[in-house]
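Reading the structure
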Amino acid sequence: MEILPCKGCKGMCCGPVPITENERMKIQKAIRKMPVKKRMELKNQQRYIGTCIFFDEKNDRCGIHSARPSICKAFGHYQNLVCFKSPNTVSAKKYYANEPPIGLLSVDFTWKDFT
Ligand code: SF4
Ligand code: SF4
């Protein structure tokens, strides 16, 4: 997959995203494994309204990168998930989730559901 020019975007495309039950469990595991200091630092960051609860504003990156939902991994690489900053990185394919979503991260699931 082509690399996207994400540095400097400051979470522009990181809003509420649908998650599956498996993804919820994976995120919970990652959050619980985080050292308390790191977890609290991430949790207490100031974010714009609508920005994903796990976006790491301070370091300009996803705060749960290895456990991020598949739609986040797919963003910018599929016809229906085009990144406006890098529209040419999309393939000819459309993204379809493998499992049904259980709700929206940042809306239906917030920090209290993962700690
Ligand atoms: S996917 Fe696109 S909009 Fe999102 S952070 Fe990367 S370059 Fe910016
Ligand atoms: S989980 Fe990570 S990549 Fe996905 S929207 Fe949140 S901060 Fe962005």
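Residues numbered from 1 in each chain as written. Chains lettered and ligands numbered in written order. Predicted model: local features only at pLDDT ≥ 70, side-chain atom pairs only at ≥ 80, totals over all residues. Heavy atoms only, no water.

By the naming in an unreviewed UniProt entry, the protein chain is Fe-S oxidoreductase, taken from Cytobacillus solani.

1. Quick notes on the overall build of the protein chain
Going by this rule: Only DSSP runs of H or I with at least four residues qualify as helices, and only runs of E with at least two residues qualify as strands; both kinds are numbered from the N terminus onward. Only protein chains enter the accessibility calculation, which uses a 1.4 Å probe. A residue is then buried if its area is under 20% of the maximum for its type, exposed if over 50%, and partly exposed in between. Contacts were defined at the residue level, with two residues in contact if any of their heavy atoms lie within 4.5 Å. His is not counted, nor are the chain ends, whereas Lys and Arg count as positive and Asp and Glu as negative. Here the site of a charge means atom NZ of a Lys, CZ of an Arg, CG of an Asp or CD of a Glu.
Broken down by element type, the protein chain carries three helices and four strands. Ordered by position from the N terminus, the helices and strands of the protein chain form the series β-α-α-β-β-α-β. Projected onto its principal axes, the C-alpha coordinates of the protein chain cover approximately 40 × 30 × 25 Å. Every one of the 115 residues in the protein chain was classed for burial, and the buried ones make up 38%. The contacts in the protein chain between residues at least 6 apart in sequence include a share of 64% that link residues at least 24 apart. Distance between charge centres in the protein chain, computed from 20 positive and 10 negative side chains, equals 5 Å.

2. Observations concerning the site of ligand 1
What counts is decided by this rule: A molecule or strand has a residue near it when one of that residue's heavy atoms lies within 4 Å. The classification used treats Ala, Val, Leu, Ile, Met, Phe, Trp, Tyr, Cys and Pro as nonpolar, Asp, Glu, Lys and Arg as charged, and all other residues, Gly among them, as polar.
Around ligand 1, a shell composed of Leu4, Pro5, Cys6, Cys9, Cys13, Phe75 and Cys83 is seen. Looking at side-chain class alone, the shell around ligand 1 contains seven nonpolar, no polar and no charged residues.

3. Some details on the nonpolar core
What counts, and what does not: Nonpolar cores were defined as sets of buried Ala, Val, Leu, Ile, Met, Phe, Trp, Tyr and Cys residues, with membership established by side-chain atoms within 4.5 Å.
By size, the foremost hydrophobic cluster in this structure holds 20 residues, and its most contacted members are Ile27, Ile31, Phe54, Leu105 and Phe114. When contributions to this core are tallied by element, the ones reaching two or more residues are β1 (17-19), α1 (21-33) and α3 (70-74). Leaving out residues up to four positions away in the same chain, Phe114 has contacts with Ile19, Arg24, Ile27, Gln28, Ile31, Arg32, Ile53, Phe54, Leu105 and Phe109.

4. What to know about the side chain of Asp60
The condition that has to hold: When a carboxyl oxygen of Asp or Glu is within 4 Å of a side-chain nitrogen of Lys or Arg, the pair counts as a salt bridge. N or O atoms closer than or at 3.5 Å make up a polar contact, with two conditions inside protein: a donor-capable atom paired with an acceptor-capable one, and, for residues adjacent in sequence, both atoms drawn from side chains.
Among the structural elements, Asp60 can be located in the loop between β2 (55-56) and β3 (61-62). Among buried charged residues, Asp60 stands out as having no salt bridge; its nearest opposite-charge side chain is Lys7, 4.4 Å away. Here Gly8 takes part through its backbone nitrogen, which lies 2.6 Å from a polar atom of the side chain of Asp60. The residues touching Asp60, leaving out its near neighbours within four places in the chain, are Cys6, Lys7, Gly8, Cys9, Lys10, Gly11 and Phe55.

5. Remarks on a positive patch on the surface
Formally: Like-charged residues within 9 Å of one another, or nonpolar side chains (Val, Leu, Ile, Met, Phe, Trp, Tyr) within 5 Å, are grouped into patches, provided each residue has over 30% relative accessible area and no salt bridge. Only the protein chains shown count as covering a residue, and every accessible area follows the Shrake-Rupley method with a 1.4 Å probe.
Among the surface-exposed residues, Lys7, Lys10, Lys38 and Arg61 lie close enough to one another that they form a single positively charged patch. Positionally, Lys10 belongs in the segment before β1. Residue classification places Lys10 among the partly exposed residues on the basis of a relative accessible area of 40%.

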